[in-house]
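The chain contents come next:
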Amino acid sequence: MAFADHLRRDRRRSIHTVRAYAATAERLLDFLREHQGGEPDLKALGVADLRAFLASRRADGIGNASTARELSALRTFLAFAGAEAPRLRGPKVKKGVPRPVSPAEAIALAEDVAEEREGWTGARDLAVLLLLYGGGLRIGEAMGLTGAALPLGTTITVTGKRNKTRVVPLLPQVREAIEAYVAACPYPPAKDQPVFRGARGGPLEPSQIRRAVRRARVRLGLSERTTPHALRHSFATHLLGRGVDLRSLQELLGHASLSSTQIYTAVDAAHLMDVYRNAHPRA
């Protein structure tokens, strides 16, 4: 699909965004063929047509957040097709506050996941989870690291969304965990091959880490919100609590907009209120 190629090549969107936006475009075209009874003319698309499509998606059971994403994808698709998107306000989406895990819980989670496996795969999982917590990486960014990053130094260069690169400090404990895994891994870390490998030598799939974390959080009695991505939230929240300014945190997280980083101020305020309620005799 030309639209998908455009997103991938020209807009440098992630594979997940490309897949989701292309699927939305296909759904719109299928809907319009049935709704209008013929091959759709996107340039003649009106507000009523767009409302009808979104109503059909609502009937499928999607909520406000998914509807807003669907509308964003439609606007991008119509602009690509040379059509003007009808002016339609999207639903209000309440931004949830990320739920970080405590430092002790983060370490316990990583160690429990590692102990579930034997040999080098346990060392691998420990290294991945410590990297997510210690460096604030997205799981896809960790999986995208190649042998070109080795040998490790005091920092690591990470490629994030839209192929934007950033430099992240590497804690000694994280560096040691990765080096221990690399030394134990039976597959040599070639420059153009992923650092983190699956059991048979292929790229490690994020789903494997997510499943391991789900099992570990049950054993440890942690919240369902304890996910690999929650470790990134914890990284941000704990730095903010130690006095890191928002601009520096934005750079470390690779956020394109400061507004994406500001949500962590709400997390920090919520944490302070919890401490107050638990500790103050008059709370």
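Residues numbered from 1 in each chain as written. Predicted model: local features only at pLDDT ≥ 70, side-chain atom pairs only at ≥ 80, totals over all residues. Heavy atoms only, no water.

(A) Structural detail: the pairing of strand 2 (residues 165–169). In strand 2, alternate side chains face the same way, and those of Arg-166 and Val-168 are buried while those of Thr-165, Val-167 and Pro-169 on the opposite face are not. As paired elements, strand 1 (residues 155–159) and strand 2 share five bridges and run antiparallel to each other. By the bridge assignment, Thr-155 is partnered in strand 2 with Pro-169. (Buried < 20%, exposed > 50% of the residue type's maximum accessible area, 1.4 Å probe, protein only. Helix = DSSP H or I, 4+ residues; strand = E, 2+ residues; numbered from the N terminus. Pairing = 2+ DSSP bridges.)

(B) Main features of the pattern of salt bridges. Evaluated as defined, the whole model comprises 13 salt bridges. Note that Asp-30 and Arg-33 form a salt bridge whose closest N and O atoms lie 2.9 Å from each other. One end of the pair, Asp-30, and the other, Arg-33, are both in helix 2 (residues 15–36), three residues apart, so they sit about a helical turn from each other. Accessibility expressed as a relative area gives 32% for Arg-33, which makes it partly exposed. For Asp-125, the salt bridge identified is with Arg-117, shortest N-O distance 2.4 Å. (Salt bridge = Lys/Arg side-chain N within 4 Å of Asp/Glu carboxyl O.)

(C) Broad picture of the nonpolar core. Among the nonpolar cores identified, the biggest contains 38 residues, and Leu-129, Leu-131, Leu-132, Phe-196 and Leu-231 are the most heavily contacted of them. Those elements giving two or more residues to this core turn out to be helix 5 (103–116), helix 6 (120–135), helix 7 (139–143), strand 1, helix 8 (172–184) and helix 9 (206–220). For this core, the element with the most residues is helix 6, which contributes eight residues. Once residues within four sequence positions are removed from consideration, Phe-196 is found in contact with Arg-124, Ala-127, Val-128, Leu-131, Ala-142, Met-143, Leu-145, Tyr-181, Gly-202, Pro-203 and Leu-204. Formed by 23 residues, the second largest nonpolar core is a distinct cluster that contains Tyr-21, Leu-50, Leu-78 and Leu-88. (Core = buried A, V, L, I, M, F, W, Y, C linked by side-chain atoms within 4.5 Å. Contact = heavy atoms within 4.5 Å.)

(D) Expanded view of the pairing of strand 1. Only one face of strand 1 is buried: it carries Ile-156 and Val-158, and the other face, with Thr-155, Thr-157 and Thr-159, is open. Linking two consecutive strands that pair antiparallel, namely strand 1 and strand 2, is a turn of five residues; a positive phi of about 55° is found at Arg-162 within it.

(E) Structural context of helix 6. Here helix 6 spans 22 Å end to end across 16 residues, near enough to the 22 Å set by a 1.5 Å rise per residue. Directly beyond the C-terminal end of helix 6, a positive phi value near 70° is found at Gly-136. (Expected span 1.5 Å × (residues − 1).)

(F) Region of interest: the environment of Glu-224. Position of Glu-224 relative to the elements: it lies in the loop between helix 9 and helix 10 (228–241). Counting along the chain gives ten residues from Glu-224 to Arg-214, while the straight-line C-alpha distance between them is 7.8 Å.

(G) Expanded view of the packing of helix 6 against helix 8. Closest axis-to-axis distance for the helix 6/helix 8 pair is 8 Å, and the angle between their directions is 155°. With respect to helix 8, the element helix 6 is oriented roughly antiparallel. Here helix 6 and helix 8 pass one another in a crossing that is left-handed. Contact with helix 6, carried on its side by Trp-120, Ala-123, Arg-124, Ala-127, Leu-130, Leu-131 and Gly-134, involves Gln-173, Val-174, Ala-177, Ile-178, Tyr-181 and Ala-184 of helix 8 and no other residues of that element. Taken together, the residues of the contact of helix 6 with helix 8 sort by class into ten nonpolar, two polar and one charged. (Axes fitted to C-alpha atoms, helices over the stretch in contact; angles between N-to-C directions. Parallel < 35°, antiparallel > 145°, perpendicular 65-115°, else oblique. Left-handed = near helix turned anticlockwise from the far one by under 90°. Nonpolar A, V, L, I, M, F, W, Y, C, P; charged D, E, K, R; others polar.)

(H) Structural context of the packing of aromatic side chains. All chains considered together, the criterion is met by six aromatic pairs. When the ring of Phe-3 is compared with that of Phe-77, the centres are 5.1 Å apart and the planes differ by 65°; the resulting orientation is edge-to-face. Of this pair, Phe-3 sits in helix 1 (residues 2–9) while Phe-77 sits in helix 4 (residues 64–80), and the two are 74 residues apart along the sequence. Residue classification places Phe-3 among the buried positions, given a relative accessible area of 1%. Note on Phe-3 and Phe-80: the rings are 5.5 Å apart at their centroids and 45° apart in plane angle, and the pair reads as tilted. In this pair, Phe-3 is assigned in helix 1 and Phe-80 in helix 4, connecting sequence segments 77 residues apart. Grouping aromatic residues by their ring pairs yields a cluster made of Trp-120, Tyr-181, Tyr-187 and Phe-196. (Phe/Tyr/Trp six-rings, centres within 6.5 Å; stacked < 30°, edge-to-face > 60°.)

(I) Region of interest: unusual backbone geometry. For the peptide bond that leads from Leu-150 to Pro-151, omega is -5°, which places it in the cis range. Tracing the backbone through its elements, the reader meets Pro-151 in the loop between helix 7 and strand 1.

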